[in-house]
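Close look at the chain arrangement
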Amino acid sequence: SVLGGLWIENTIMPRFDVTMLRYMEREEMRVLQAIEMGMKNHEHVPRQLIASLAGLRHGGAHKMLSELARHGLIGWDNRKADGYRLTNLGYDYLALKTLSNREIVDAVGNQIGVGKESDIYIVAREEQQYAMKIHRLGRTSFRNIKNKRDYHQHRKSASWIYLSRLAAVKEYAYMKVLYTRGFPVPQPIDFSRHCLVMELVDGFPLCHVTAIDEPGTLFDRLMAILVQFAEHGLIHGDFNEFNLMVSPEGKVTVIDFPQMISTDHENAEWYFDRDVTCVRDFFKKRFNFEAAEWPDFKDIVRVSDLDQQVADSGFDASMQGDFTEAFGQELLKPDQKEEEAGVDQPDG
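Residues numbered from 1 in each chain as written. Predicted model: local features only at pLDDT ≥ 70, side-chain atom pairs only at ≥ 80, totals over all residues. Heavy atoms only, no water.

Glancing now at the sheet that holds strand β14 (residues 244–246). Read from one edge of the open sheet, three strands run β11-β14-β15, paired in antiparallel fashion. Pairing within the sheet leaves two strands with one partner each, and these edge strands are β11 (204–205) and β15 (252–254). Summarising the sheet, β14 and β15 pair through three bridges and their orientation is antiparallel. By the bridge assignment for β15, V246 is matched with V252. Each of β14 and β15 is contacted by helix α9 (residues 215–231), which is oriented at about 40° to β15, the strand it contacts most. (Pairing = 2+ DSSP bridges. Helix = DSSP H or I, 4+ residues; strand = E, 2+ residues; numbered from the N terminus. Contact = heavy atoms within 4.5 Å. Axes fitted to C-alpha atoms, helices over the stretch in contact; angles between N-to-C directions.)

What follows is the structure, encoded as structure tokens:
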């Protein structure tokens, strides 16, 4: 389709089936919550512990566990001492139930985006539509972490449930700080566990834009946003065509903040330059546009410390420590990753 000089690629994605959530009994939700609690210390939660945490008789819990497993909300492994675990869908239901109880969400619509470690759906409350991002760090990060350390000795930092929630907390905290200070980011509405509800942006991912009337104007706008971030102590860290929304009028909205870092980070300049290069390369390949100049990290003059203020918005030092432990490898430059992996560096 064509909108205001932008050529857009159309995509169709599936719906999120929440039918069972409407008919779940209170005791079934208590069983899901009990498994969630038990997974803080167990990879698979024993049936007796689930019954105890949910306040149910053993026989009653058995029937509900069977029903929840049949609908794919929990997984069962008889090799793990008759233990159960939450599935992605079970954790989704817990988050949605909380958001529904808070009167934030009462309907879930089509999927409108999918990332390496997240899914995005349209949700609604009465007539108001929002976007809901579901963090799914189990797709890649958790598998990588399990390969690097013994799961049972690092349950808290290695749990896909904890890490997915941590990513949502971090993103909500950054979005709240940035939005209240006028940055071009979606308005954060609320979050529960790994699900973040935000303003539904009027626009399309830049990666779906196939042509544009004035690429230079849009390029300059994107570079100005990068500089604005850095002047306030922040580097996006994943500033590319997949995380930049463009409206038909050319308004830009930046999304996706779990990789955002401080300009005080040891690799800040490298990540700033990479963000710039990602946009330059995309504009050259997609629009055949090459800029004559672009920002240099050395020219940035810092005017505030939003990186220090994020902790006041909910993402504290303890959470940052766990996040760094889990994803520190992702914030290394390629040569540092090779060095940590024991790869010999070439001479010179």
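Here helix α10 (residues 268–287) contains 20 residues, and its C-alpha end-to-end distance of 28 Å stays within 8% of the 28 Å for a straight helix at 1.5 Å per residue. For α10, the full list of buried residues reads A268, Y271, F272, D275, V276, V279, F282, F283 and F287. Seen from one end, α10 has its buried residues packed into an arc of 140°, which puts them on one side. Buried residues in α10 make contact with β12 (209–211), α9, β13 (234–235), β14 and β16 (261–262). Directly beyond the C-terminal end of α10, a positive phi value near 55° is found at N288. (Expected span 1.5 Å × (residues − 1). Buried < 20%, exposed > 50% of the residue type's maximum accessible area, 1.4 Å probe, protein only. Arc of directions from axis to C-beta.)

Here the focus is the sheet that holds strand β5 (residues 83–86). Read from one edge to the other, the open sheet built from three strands follows the order β3-β5-β4, with strand pairing classed as antiparallel. Single-partner strands in this sheet number two, and they are β3 (45–46) and β4 (74–77). Here β3 pairs with β5 via two bridges, running antiparallel. Bridge pairing in β5 links V45 to Y84.

Attention shifts here to helix α3 (residues 47–54). For α3, every residue scored as buried is listed here: R47, I50, A51 and A54. Each buried residue of α3 sits inside an arc of 100° when the element is viewed along its axis, so together they form one side. Among the exposed residues of α3, those pointing more than 90 degrees away from its buried face are Q48 and S52. Remark: G55 follows α3 within two positions and exhibits a positive phi of approximately 70°.

What follows covers unusual backbone geometry. The residue E126 is not glycine, and still its phi comes out positive at about 55°. Unusually for a residue other than glycine, D256 sits at a positive phi of about 70°. Looking at the secondary structure, you find D256 in the loop between β15 and β16.

Time to look at the packing of aromatic side chains. According to the stated counting rule, one finds eleven aromatic pairs in the structure shown. A centroid spacing of 5.7 Å and a plane angle of 85° characterise the contact between Y91 and W160, whose relative ring orientation is edge-to-face. Of the two residues, Y91 sits in helix α5 (residues 88–101) while W160 sits in helix α8 (residues 160–180), which places them 69 residues apart along the sequence. Residue classification places Y91 among the buried residues on the basis of a relative accessible area of 1%. Here the aromatic rings of Y172 and F191 are separated by 4.9 Å at their centres, their planes lie at 45°, and the arrangement is tilted. Residue Y172 is found in helix α8, and its partner F191 is found in strand β9 (residues 188–192); the two are separated by 19 residues along the sequence. Exposure remark for Y172: the relative accessible area of 14% places this residue in the buried category. Chaining the aromatic ring pairs together yields one cluster made of F219, F282, F283, F287 and F289. Lying across the ring of W294, R280 places its NZ or CZ 3.4 Å from the centre. (Phe/Tyr/Trp six-rings, centres within 6.5 Å; stacked < 30°, edge-to-face > 60°. Lys NZ or Arg CZ within 6 Å of the ring centre and 35° of its normal.)

Another aspect to go through is the environment of Q33. Mapped onto the elements, Q33 comes out in helix α2 (residues 26–38). Judged by its relative accessible area of 34%, Q33 is partly exposed.

This next bit is on the pairing of β9. Across four bridges, β9 lies against strand β10 (residues 195–199) in antiparallel orientation. When the bridges of β10 are listed, F191 appears paired with L196. From the end of β9 to the start of β10, which pair antiparallel, there are two residues, and R193 there has a positive phi angle of about 55°.

Glancing now at the nonpolar core. The biggest cluster of nonpolar side chains holds 54 residues, and the ones touching the most others in it are L178, L206, L222, F229, F239, F257 and F283. Those elements that provide at least two residues to this core are α8, β10, α9, β13, β14, β15 and α10. Looking at this core, the element that brings in the most residues is α8, giving eleven residues. With near-sequence residues (within four places) excluded, L178 lies in contact with F183, V185, F229, L234, F257, M260 and L306. By size, the runner-up hydrophobic cluster in this structure holds 42 residues, among which are V18, L32, M39 and Y130. (Core = buried A, V, L, I, M, F, W, Y, C linked by side-chain atoms within 4.5 Å.)

For the structure on display, the rule yields twelve salt bridges. The salt bridge involving R136 is made with D119; its shortest N-O contact spans 2.7 Å. Placement of the pair is R136 in the loop between β8 (128–135) and α6 (141–148) and D119 in strand β7 (residues 118–125), with a sequence separation of 17 residues. Comparing R136 with D119 shows no difference in burial state: the two are buried. It is possible to trace a salt-bridge network through shared partners that takes in D92, D119 and R136. (Salt bridge = Lys/Arg side-chain N within 4 Å of Asp/Glu carboxyl O.)

Keep in mind these numbers describe shape, not what the thing actually does.
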